Amino acid sequence: MSDGSAPSPPNPQAPDPAEADPSAPGTPQDPRRTRRDFRLFLSSHVSNEVGGAVTMVALPLTAVVLLDATPLEVGVLAAAEQAAFLLLGLPAGAWVDRMRRRTVMMAVDAARLLLLASVPAAHLLGVLDVPVLVVIALLLGCAQLFGDVADHSYLPSLVGPDRLVRGNARLEAVRSASGFAGPGIAGTAVQVFGAAGTLGANALTALTSLLFLGAIRTREPDPAPAGQVGLAGQIREGVAFLAGHRLLRLIVLETALINLFMSALFAIEVLFLTRTVGLPPAVVGWMMAGATLGALGGAAVTGRLADAVGQARLIWLSPLVTTPFGLLLPLAAPDWRAGLYVLASAVLAAGTVCYNICQVAYRQRECPPELLGRMTATIRTIVWGVIPVSALIGGAVAELAGVREAVAVFAAGMAVSPLVLVFSPMRRMRGFDGDGPLAGAGDGADSRRQGPGKGEGAP
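Residues numbered from 1 in each chain as written. Predicted model: local features only at pLDDT ≥ 70, side-chain atom pairs only at ≥ 80, totals over all residues. Heavy atoms only, no water.

1. Quick notes on the pattern of salt bridges
Opposite charge on two side chains lets them pair, provided their charged atoms get close. What counts is decided by this rule: A carboxyl oxygen of Asp or Glu within 4 Å of a side-chain nitrogen of Lys or Arg is what we treat as a salt bridge. Going along the chain from the N terminus, every DSSP run of H or I of four or more residues is numbered as a helix, and every run of E of two or more is numbered as a strand. In this scheme, a residue with accessible area under 20% of its type's maximum is buried, one over 50% is exposed, and one in between is partly exposed, where area comes from a 1.4 Å probe on protein chains only.
Enumeration over the complete set of coordinates arrives at 3 salt bridges. A salt bridge links Asp-109 to Arg-112, with the shortest nitrogen-to-oxygen separation between them at 3.6 Å. Here Asp-109 and its partner Arg-112 are both found in helix H4 (residues 101–124), 3 residues apart, which amounts to about one turn of the helix. Accessibility classification places Asp-109 together with Arg-112 in one group, the buried group. A salt bridge links Arg-337 to Asp-335; the shortest N-O distance between them is 2.7 Å.

Pasting the structure below:
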């Protein structure tokens, strides 16, 4: 969920760097150690993203297959997973800015380990039902909130401001590759071993991530002192920064709209594919995994596309080109038309990744390090705060109008949402380096998921 700055000029009275503690903040780092620590960070992401992809499929399958949940209950479960971003998003950013980000991420992994292990325990004790699953989903969402804010605030301290696009692209590639395996593994495991057992085994991914993070040797700079501002004042600073930044306001509005429709689709996706289309859990899992191939491809080409067409232009062009493919989703059937669902999902994922890499890198580069956690949390509160509401809407519309009809409505809404940026001044910009009419003008202080969609803008 920290912005590396250039090293200070040598101080003749300062200790010899060769004699300094190599892990101390501000000490020139061995490039080999920097690469090693970034690889450990990537490895932690692999574990977390595989685990998250498995949970994304296994949790609703537990409700649908094991507990026979209704469409509305499925919507409530999806809302619970994201409710923390609406309820705790703003204070979470201020709290994370007061702590070391790696420590926060390690605590989050420990919490995920316990929560995932509690599902098979509750099932064995005979107390697992939909309300219990909703509580576990809510607590997992709280852990994800703090982990995401800390994660996005931690990255600049590892790669520096000039390598954020490349660093975020590698993280997106890891997320996409891990996401390809996760849903298929989850669907097959649920069909063979049961939903509760799959979630329990998934706790091992949290443990693995915890071990990788613990092996990182580079120390972060000390958190900025809170001073006399207090929690409320710190929250206001983060909100004020976003409110005063002209470009970020447009990006946040676009992301929130895409999330509003896309998250309603995600809330009923498993229900649609299992009950309406009539596919078995293993097939559903691998269909959802196939969609991540698009995300992997998007991560691979975003850097070159940004160089070719411009980072600012790609922010609005990627959703404009890809979101209309969502209109293919409601056409899915248990024959060759199932391929239409996979195709549409893959294209949507590619567009989401392109969008997220560019807008997240811009946010990370623009925001002062001491505000990065609060700015990230403020944006997440808005763009992810709509998710629990849209999940409830998705379940309610599916209950009242039918699941396939609900998918069609939300796909249409998603297809028109990019018009917010198309008809904005950002359409005349190519990049964010002063070559567009808005760059550097009226943007407030110098100022970044998982995306629309499942990333940041999914968020």
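2. A few points about unusual backbone geometry
Positive phi is not limited to glycine here, since Asp-68 has a value of about 55 degrees. You can see Asp-68 is positioned in the loop between helix H1 (31–66) and helix H2 (71–87). Judged by relative accessible area, Asp-68 falls into the exposed class, the value being 58%.

3. As for the environment of Gly-75
This is how it is decided: Here a residue-residue contact requires only that any non-hydrogen atoms of the pair lie within 4.5 Å.
One can find Gly-75 in helix H2. The class of Gly-75 is buried, set by a relative accessible area of 0%. Separated by 314 residues in sequence, Gly-75 and Val-389 have C-alpha atoms that sit 9.3 Å apart. Apart from the residues within four sequence positions on either side, Gly-75 is in contact with Ala-391, Leu-392 and Gly-395.

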